[in-house]
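Each chain, letter by letter, is given below.
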Amino acid sequence: MKRTSTRLADGREILYYDTGDGAARAVPDTRPLEVARTSSEVRRDPLLGDAVVIASHRQGRTHLPPATDCPLCPSAPGRASEIPAPDYEVAVFENRFPSLAGDTGRCEVICFTPDHRTSFAELDEERAALVLAAWTDRTAELSARDGVRQVYCFENRGTEIGVTLAHPHGQIYAFPFVTPRTTRMLATVAAHRDRTGGNLFEEVLAAERADGSRLVLAGEHWSAFVPYAARWPYEVHLYPHHRVPDLPALGDAARAELPGLYLELLRRFDRLFGTPGPTPYISAWHQAPTGEGREDFALHLELFTVRRTADKLKYLAGTESGMEAYMNDVRPEDAAARLREVAGP
């Protein structure tokens, strides 16, 4: 893998990731951009203790532009974009409208392909492996920065999710705090260890593999299953068989197997409802914090869709949004069976 780092016109960093050494990507950004001004602030909820980011400058961010004005496509004569190069394989750059910036962390955009019309599920394994390498590289670099407590790689796909740019892309957040979800997981795992001496992540994975009713697919080094208490109609968790805290800690064999399994999961989601067009989803890599909890945490992916039938969405209504008490309309065992049915040839 070749990594090329350069700067955009307003000083933000952009990195190109290529499978070969021959690509020349350090193309200057000629746009007349002013230095971005951000106003991110982290506040604590006094009752729950959760961190909440206030980022009022994001109200003016780009929203669903036409394909001809896509800021994530390569630049072309007469149309300069966020990516100055006329072509790329995978590109990562600092978000122009970040939720986190400066002392409050960092937000990056990762573009999986220059092709505006495709999706992650349509990539080949070589390109998916390059994305994995970029996620790994960014996790390692950002985790080493002062003040960063957790790195989160994720993809939102579909306007139903709230995506504002249609180009295939994801995001990488470097948080200055441990996220509320991870804090709750670590507390549960620590209490289980104190009570039993075992690791709860490992026991959950072992139980799902032994039971099999919610297992979706399995390789030599990874297993994917619908969780016993799934919150979403179609939700899959993907775990390596050997517990590691984050993407940089993956062994070579698990790293090599992951792209094919991950692509198959995404393609099954697209086959779920038998409708034209891609299935909206959130794909979220859960990684250990940079400090406390690393020895107990297990790297895993959580993939879920807000669609519950071909023409109905799962909205977070009063119980979920107001009380965080989830009500799922699809039995997890039935969701797993359906995901096994739509396996690729």
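Residues numbered from 1 in each chain as written. Predicted model: local features only at pLDDT ≥ 70, side-chain atom pairs only at ≥ 80, totals over all residues. Heavy atoms only, no water.

> Help me understand the packing of aromatic side chains, please; the structure alone is not making it clear to me.
Note on aromatic pairs: each is described by the distance of the centres and the angle between the planes. Per the counting criterion, the structure on display carries 18 aromatic pairs. Ring pairs connect the aromatic residues F112, F120, W135, W222, Y262 and W285, which therefore count as one cluster. The residue whose ring lies beneath R231 is Y326, and the NZ or CZ to ring-centre distance is 5.3 Å. (Phe/Tyr/Trp six-rings, centres within 6.5 Å; stacked < 30°, edge-to-face > 60°. Lys NZ or Arg CZ within 6 Å of the ring centre and 35° of its normal.)

> Would you mind going over the packing of helix α2 (residues 180–196) against helix α3 (residues 200–211) with me for this structure?
Packed helix pairs are specified by the crossing angle of their axes together with the interaxial distance, meaning the distance between the axes. Put simply, α2 and α3 touch, their axes get as near as 9 Å, and they point 90° apart. Classified by the interaxial angle, the pair formed by α2 and α3 is roughly perpendicular. Contact residues: α2 offers M185, T188, V189, H192 and T196, while α3 offers L200, F201 and E203. Tallied by class, the residues present in the contact of α2 with α3 amount to 4 nonpolar, 3 polar and 1 charged. (Axes fitted to C-alpha atoms, helices over the stretch in contact; angles between N-to-C directions. Helix = DSSP H or I, 4+ residues; strand = E, 2+ residues; numbered from the N terminus. Parallel < 35°, antiparallel > 145°, perpendicular 65-115°, else oblique. Contact = heavy atoms within 4.5 Å. Nonpolar A, V, L, I, M, F, W, Y, C, P; charged D, E, K, R; others polar.)

> Where do I start with the environment of R138 in this structure?
Assignment of secondary structure puts R138 in helix α1 (residues 125–143). A sequence separation of 14 residues divides R138 from Y152, and the C-alpha atoms of the two residues are 9.9 Å apart. For R138, the residues in contact, after removing those within four places along its chain, are R3, L15, Y17, V92, R106, E108, S143 and I172. At a separation of 2.7 Å, a polar atom in the side chain of R138 contacts the side chain of E108. (Polar contact = N/O pair within 3.5 Å; in protein donor to acceptor, adjacent residues only side chain to side chain.)

> Can you walk me through the nonpolar core in this structure?
Looking at soluble globular proteins, one finds that nonpolar side chains tend to be buried together. Of all hydrophobic cores here, the largest spans 52 residues; its most connected members are I110, F120, W135, W222 and W285. Take this core: its biggest share by element is 8 residues, from helix α4 (residues 252–271). Contacts of W285, omitting those with residues within four sequence positions, involve W135, Y152, C153, W222, L247, L258, L299, H300 and L301. Among the nonpolar cores identified, the runner-up in size contains 14 residues, and L8, C70, A85 and Y88 belong to it. (Core = buried A, V, L, I, M, F, W, Y, C linked by side-chain atoms within 4.5 Å. Buried < 20%, exposed > 50% of the residue type's maximum accessible area, 1.4 Å probe, protein only.)

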